[in-house]
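Here are the chains, one letter per residue:
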Amino acid sequence: MGFTCGIVGLPNVGKSTLFNALTANATAEAANYPFCTIEPNLGRVPVPDDRLRQIAELAGSARTISTFLEFLDIAGLVRGASTGEGLGNQFLGQIRQVDAIVHVLRCFEDADIAHVEDRIDPVADAETVETELLLADLESLEGRYPLVEKRARGGDKEAKARVGVMGEALEALRQGRPAREMTLAANDRPVFKSLHLLTAKPVLYVCNVDEATALSGNGYVAALRQKAEATGSQVVLISAALEADVAALDDPAERAEFLTDAGLQETGLNQVVRAGYRLLDLITFFTAGPKEARAETLRKSSTAPQAAGQVHSDMERGFIRAETITFDDYLAYGGEQGARDAGRMRSEGRDYVVADGDVFLFRFNV
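The structure presented is a predicted model; accordingly, all values stated were derived computationally and were not measured.

Draft legend 1. A look at the overall build of the protein chain. For the protein chain, the helix and strand inventory stands at 14 helices and 12 strands. Among the 366 residues that make up the protein chain, the fraction classed as buried is 48%. In the protein chain, once contacts between residues fewer than 6 apart in sequence are set aside, the share between residues at least 24 apart is 68%. In the structure as shown, the protein chain presents an accessible area of about 17,400 Å², 48% of it carried by carbon and sulfur atoms.

What follows is the structure in structure tokens.
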């Protein structure tokens, strides 16, 4: 199961610099002119989680395998993208592929780096991108709604289920509200998801600041936080240029020293990855043995057989039970055997809902 965050924003806000630092390579060209990212770049980024190291040490695992998120660096958007301006059609096509949006916003001043609209205003930049996504959704729904409405009047059951949700979405969009702010009944959610609306995707704002304000932020960040609080969005503060410098260091000790000198406890990139993980409503479970300790990604509310299927499809198909230890118990009792001896290993069946940090030994037969 892959989960992809699309890195979006206006040209020259630091999207490609952030992507390069995230993926610790230079596959995305970072240049001082608009649309330098013509083709989307995709990178798989490990989710930082020290629990995996601790589990591997207790299990005596020969290697560790992290869980990953994918980040897609998407071409810059400009005003009018919803009608095809700039690389608008390409931008909208690429953003439809992702599960969540990481919106990079320029919160620094630099006369040597041009801004596509000749001003520094991250709140206005956010609204520009959001408006284009909203207009694209509005055009899409307005084109589909009359046909569905006609079919619903004719007695089509599926159309009847869809027309109400589509009508509510249209009303929200016409009021300037993104679809993700709609209040939905549980039975309407499958229909809503099938509409594939751009403004339904969860959003993380990344404030790209200069190195001097990487720790404390600045007035631009404060204004953006106010906007985020009003809409229930998340904000992460980073300096993409500083993160790129850190990523260029191969020695972990040098990286740690660099961060300490900058007054930071960890990279902003780790915060971005973890925030993206939370944004997608994901949890982590683990498996461990002498050969390897593995972290796996799963959506919240998933069951034990679905977790088994993340490791291998045969495990889900032939699932019998999941021998389960919480991470805290695994750590407290010195690993699997200690937890088993203390009666802290549970046998869970097909209906068990996985909790974050569960350590599993799957029993299956195919």
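Next comes the rest of the account.
Draft legend 2. Geometry of the sheet that holds strand β2 (residues 41–46). Reading across from one edge, β2-β4-β1-β5-β6-β7 is the order of the 6 strands in this open sheet, with mixed pairing throughout. Whereas interior strands pair on both sides, the edge strands pair on one side only; in this sheet they are β2 and β7 (234–238). Averaged over all pairs of adjacent strands, the angle between their axes in this sheet comes to 25 degrees, without regard to strand direction. Here β2 pairs with strand β4 (residues 68–73) via 6 bridges, running antiparallel. Directly across from G43, in β4, lies its bridge partner F71. Strands in contact with helix α4 (residues 122–153) are β5 (100–106) and β6 (203–208); relative to β5, the strand with the most contacts, it is inclined by about 145 degrees.

Draft legend 3. Representation of the sheet that holds strand β10 (residues 319–325). Taken together, the 6 strands give an open sheet; going across it, the order is β3-β9-β8-β12-β10-β11, and neighbouring strands pair in mixed fashion. Taken across any chain shown, the strands that pair with only one partner, and hence form the sheet edges, are β3 (63–65) and β11 (346–348). Going from strand to strand, the sheet's axes swing by 30 degrees on average, the running direction of each strand aside. Pairing of β3 with strand β9 (residues 292–299) involves 3 bridges; the strand directions are parallel. What sits directly across from I65, in β9, is R294. Sitting on the sheet, helix α2 (residues 50–59) touches β3, β8 (282–288), β9 and β12 (359–364), and the angle it makes with β8 is about 15 degrees.

Draft legend 4. Expanded view of the confidence of the model for the protein chain. When pLDDT is averaged along the protein chain, the result is 86, and 90% of the positions lie at 70 or above. Looking over the protein chain, one finds the lowest element-wise mean pLDDT in helix α3 (residues 88–95), namely 71, and the highest in helix α13 (residues 327–332), namely 98. The model gives residues 25–38 a pLDDT under 50, and that stretch makes 39 contacts with residues more than four places away or in other chains.

Draft legend 5. Seen up close, the packing of helix α1 (residues 15–23) against helix α8 (residues 240–247). Two elements in contact, α1 and α8, have axes separated by 8 Å at closest approach and are oriented at 30 degrees. Our classification of the angle between α1 and α8 gives roughly parallel. The two elements α1 and α8 cross, and the hand of that crossing is left-handed. Mapping the contact onto sequence places T17, L18 and A21 in α1 and A240, A241, E243, A244 and A247 in α8. Here the contact of α1 with α8 is composed, by residue class, of 6 nonpolar, 1 polar and 1 charged.

Draft legend 6. Structural detail: the packing of aromatic side chains. Tallied over the entire structure, the rule returns 4 aromatic pairs. Ring centres of F285 and F362 lie 6.2 Å apart, and the angle between their planes is 85 degrees; on these two criteria the pair is classed as edge-to-face. Here F285, found in strand β8, pairs with F362, found in strand β12; they are 77 residues apart in sequence, far enough to count as distant. The buried category is assigned to F285, whose relative accessible area is 0%.

Draft legend 7. Examining unusual backbone geometry more closely. Positive phi, normally seen in glycine, also occurs at H196, with a value near 55 degrees. Tracing the backbone shows H196 in the loop between α6 (189–194) and β6. One non-glycine residue, D281, lies in positive phi territory at about 60 degrees. Here D281 shows up in the loop between α10 (268–279) and β8. The exposure class assigned to D281 is partly exposed, which follows from its relative accessible area of 40%.

The rules behind the values
- Residues numbered from 1 in each chain as written.
- Predicted model: local features only at pLDDT ≥ 70, side-chain atom pairs only at ≥ 80, totals over all residues.
- Heavy atoms only, no water.
- Helix = DSSP H or I, 4+ residues; strand = E, 2+ residues; numbered from the N terminus.
- Buried < 20%, exposed > 50% of the residue type's maximum accessible area, 1.4 Å probe, protein only.
- Contact = heavy atoms within 4.5 Å.
- Areas by Shrake-Rupley, 256 points an atom, 1.4 Å probe, with all protein chains shown as cover.
- Pairing = 2+ DSSP bridges.
- Axes fitted to C-alpha atoms, helices over the stretch in contact; angles between N-to-C directions.
- pLDDT = per-residue confidence, 0-100.
- Parallel < 35°, antiparallel > 145°, perpendicular 65-115°, else oblique.
- Left-handed = near helix turned anticlockwise from the far one by under 90°.
- Nonpolar A, V, L, I, M, F, W, Y, C, P; charged D, E, K, R; others polar.
- Phe/Tyr/Trp six-rings, centres within 6.5 Å; stacked < 30°, edge-to-face > 60°.

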